[in-house]
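# Architecture and fold: a report
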Amino acid sequence: MPHATIRDVAREADVSVASVSRVLNGHTNVRPAVRLRVEQAAALLGYVPHAGARNLSLARAGAIGIVLPDLHGEYYSELLRGMDREASSRDLQLLLTVMHDRPGRHITALQTMRGRVDGLCVMAPHIPADELAANLPAGVPAVLINCTVGGSPHLTLHVDNVAGAAAMTDHLIATGRRRIVHIAGPATNLDAVERRRGVEQAAARAGLSVLVLPGDFHQEAGIAAATTLLQDLDQVDAIFAANDMMAVGALMTLKRAGVAVPDRVAVAGFDDIPLARLLTPALSTVRIDIAGMGARAVAGLAALIDGDSDGSDGIQPILPTLVVRESTDQPGLETGHSKGERRP
């Protein structure tokens with residue numbers, strides 16, 4: 001029967017609509033014989049439950065909200081890939097909104113989700129902790145990703161940016177690099193601030209200073225920084241960008257100018273987006289399992305929504321991995337470790 005309804009199933013099975021509803025919603029207080037008749041009737045009629053009606057009966061939207069600062073670049077596509085994979089496995093839909101950099105946009109983005117979703121995954125490394133806390137919808141479960149959280153009670157996934165950046169800086173120093181340039185991210189972005197801190201702390205331990213150039217996590221910033229450095233290449237023997245996209249911009253600019261990488265200048269990034277391993281030379285970087293982080297956020301949120309959380313709210317660290325590839329590898333100079341991967 002095309003477009004069979006729950007009433008059609010009840011009529012075919014000779015039971016009440018309420019009994020059909022209990023069977024379809026997985027309730028245990030149904031006699032086996034009734035359950036069998038309902039299931040057989042639903043199969044005979046080709047009945048497909050209406051998701052909206054089912055969610056209404058369960059007081060659920062069947063959707064989770066994803067609030068991101070941007071969508072540009074492979075980082076966010078990987079993050080969303082992991083989120084979608086985990087959500088799909090749980091029959092959840094994603095409702096996505098982007099904050100961008102417009103004043104007040106983050107407030108609108110968060111308020112728009114109110115009443116439309118069962119919970120929120122929020123990545124807002126550029127929003128102050130008190131401002132974020134004040135605008136999260138009350139009573140809505142939330143998982144925060146790389147946010148400035150202060151004393152937030154929400155489950156928070158936080159990348160150890162300081163340790164990751166320090167590990168890459170240590171690697172560059174171990175290969176004999178002494179004139180390290182760091183292309184930073186936005187000054188108000190938590191990830192950028194922590195990565196710069198890791199670079200400067202590692203350099204200070206080695207008795208070195210770091211030249212810091214401004215950036216914004218986009219490829220054009222890496223191009224601009226490398227173009228500036230080409231005016232006096234003697235001031236640099238390594239470029240460590242705060243993310244892979246800026247590192248890609250710097251690497252391509254050096255190559256076009258005929259500068260040998262890594263023989264003359266080593267180049268490294270952070271995140272390990274898929275493009276990093278496809279470049280020539282392949283880009284050394286600090287790997288975050290970006291898709292895995294997205295999946296982990298959705299899984300944590302689903303547990304909160306279902307009341308299955310083990311109470312492990314608070315900060316859960318995500319440990320990055322140092323990945324050494326051809327863009328920094330110099331046989332005979334490296335003393336810290338061999339080409340490959342290791343934890344900071």
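Heads up: these notes are all about the structure in this document. These figures come from a predicted structure and were not determined experimentally. Residues take numbers from 1 onward in each chain, read along the sequence in its written order. Totals for whole chains, interfaces and linings use every residue, but because this is a predicted model, local features are given only for residues with pLDDT of at least 70 and side-chain atom pairs only at 80 or more, for both listing and counting. For the side-chain quantities, the full set of heavy atoms in the structure was used; hydrogens and water were omitted.

## Side note on the overall build of the protein chain
We count it as follows: Only DSSP runs of H or I reaching four residues or more are called helices, and only runs of E reaching two or more are called strands; each is numbered from the N terminus. Throughout, exposure labels follow a simple rule: accessible area from a 1.4 Å probe, protein chains only, divided by the maximum for the residue type, with under 20% read as buried, over 50% as exposed, and the rest as partly exposed. Contacts between residues were defined by any pair of non-hydrogen atoms, one from each residue, lying within 4.5 Å. In short, Shrake-Rupley with a 1.4 Å probe defines the accessible areas, and a residue's cover is counted only from the protein chains shown.
When you go through the protein chain residue by residue, the secondary structure sums to twelve helices and 13 strands. Within the protein chain, buried positions represent 51% of all 344 residues. Counted over contacts in the protein chain with a minimum sequence separation of 6, partners at least 24 positions apart contribute 70%. Carbon and sulfur atoms make up 53% of the accessible area of the protein chain, which amounts to about 15900 Å² in all.

## Here's the deal with helix H2 (residues 17–24)
Because each turn of an α-helix spans 3.6 residues, side chains separated by three or four positions in sequence point in the same direction. What counts here: Note: the arc covers the axis-to-C-beta directions of the helix.
When H2 is considered as a whole, its buried residues turn out to be Ser19, Val20 and Val23. Burial along H2 is one-sided: seen end-on, the buried residues are contained in an arc of 100 degrees. Turning to H2, the residues buried within the fold contact helix H1 (6–13) and helix H3 (32–45). Once H2 ends, the next one or two residues include Gly26, with phi positive near 80 degrees.

## So, the pattern of salt bridges
Convention followed: Here a salt bridge means any side-chain nitrogen of Lys or Arg lying within 4 Å of a carboxyl oxygen belonging to Asp or Glu.
Applying the stated criterion across every chain yields a total of ten salt bridges. Notably, a salt bridge pairs Glu78 with Arg81, separated by 3.0 Å at the nearest N-O pair. Of the two residues, Glu78 and Arg81 are both situated in helix H5 (residues 74–89); the distance of three residues between them amounts to about one turn of the helix. By relative accessible area, Glu78 is classed as buried at 17%. The exposure class assigned to Arg81 is partly exposed, which follows from its relative accessible area of 43%.

## Some details on the packing of aromatic side chains
As a reminder, the rule being used: Only the six-membered ring of Trp is used, alongside the rings of Phe and Tyr, when aromatic pairs are assigned; centres must lie within 6.5 Å, and planes under 30 degrees apart are stacked while those over 60 apart are edge-to-face, with the rest tilted.
Applying the stated criterion across every chain yields a total of one aromatic pair. Ring centres of Tyr75 and Tyr76 lie 5.2 Å apart, and the angle between their planes is 80 degrees; this geometry places the pair in the edge-to-face category. Residue classification places Tyr75 among the buried residues on the basis of a relative accessible area of 12%. What makes Tyr76 buried here is its relative accessible area of 14%.

## So, the sheet that holds strand E7 (residues 211–213)
Worth spelling out the cut-off: In this scheme, strands are said to pair when DSSP sees at least two bridges between them. Every angle, taken between N-to-C directions, lies between 0 and 180 degrees, and every axis is a line fitted to C-alpha atoms, over only the stretch in contact when it is a helix.
Spatial ordering of the open sheet is given by E7-E6-E8-E9, a layout of four strands whose pairing is parallel. Looking along the sheet, the strands with just one partner apiece sit at the ends: E7 and strand E9 (266–268). Pairwise comparison of adjacent strand axes, ignoring direction, gives a mean angle of 20 degrees for this sheet. Across three bridges, the pairing between strand E8 (residues 238–241) and E9 is parallel. Bridge pairing links Phe240 to Ala268 in E9. Packing against the sheet, helix H10 (residues 219–229) makes contact with strand E6 (180–183), E7 and E8, and its axis sits at approximately 150 degrees to E6.

## Concerning the packing of H1 against H2
The geometry of a pair of packed helices is captured by two quantities: the angle between their axes and the separation between those axes. Operational definition: Every angle not falling under 35 degrees, over 145, or within 65 to 115 is termed oblique; those three ranges are roughly parallel, roughly antiparallel and roughly perpendicular. Under the scheme applied, nonpolar residues are Ala, Val, Leu, Ile, Met, Phe, Trp, Tyr, Cys and Pro; charged residues are Asp, Glu, Lys and Arg; polar residues are all the others, including Gly.
Here H1 crosses H2 at 105 degrees, and the two axes come no closer than 8 Å. Of the possible angle classes, the one that applies to H1 and H2 is roughly perpendicular. Packed against H1, whose contacting residues are Ile6, Arg7, Val9 and Ala10, the element H2 presents Val17, Val20, Ser21 and Leu24 at the interface. Residue composition of the contact of H1 with H2, grouped by class: six nonpolar, one polar and one charged.

## Structural notes on the nonpolar core
Going by this rule: Among buried residues, those of type Ala, Val, Leu, Ile, Met, Phe, Trp, Tyr and Cys that are joined through side-chain atoms within 4.5 Å constitute a nonpolar core.
Grouped together as the largest cluster of nonpolar side chains are 43 residues, with contacts concentrated most on Leu79, Cys121, Met123, Phe240 and Met293. If you tally residues by element for this core, the top one is helix H12 (residues 290–306), at seven residues. Excluding anything up to four places from it in sequence, Met293 contacts Tyr75, Leu79, Met123, Ile145, Leu157, Val159, Ile288 and Ile318. Membership of the second largest hydrophobic core comes to 27 residues, among which are Ala241, Leu251, Val267 and Ala276.

## Thoughts on the packing of H2 against H3
Running from N to C, H2 and H3 cross one another at 90 degrees; their axes reach a closest spacing of 10 Å. By the criterion of interaxial angle, the relationship of H2 to H3 is roughly perpendicular. Only Val34, Arg35, Val38 and Glu39 of H3 make contact with H2, whose side of the interface consists of Ser19, Val20 and Val23. Partitioning the contact of H2 with H3 into residue classes produces four nonpolar, one polar and two charged.

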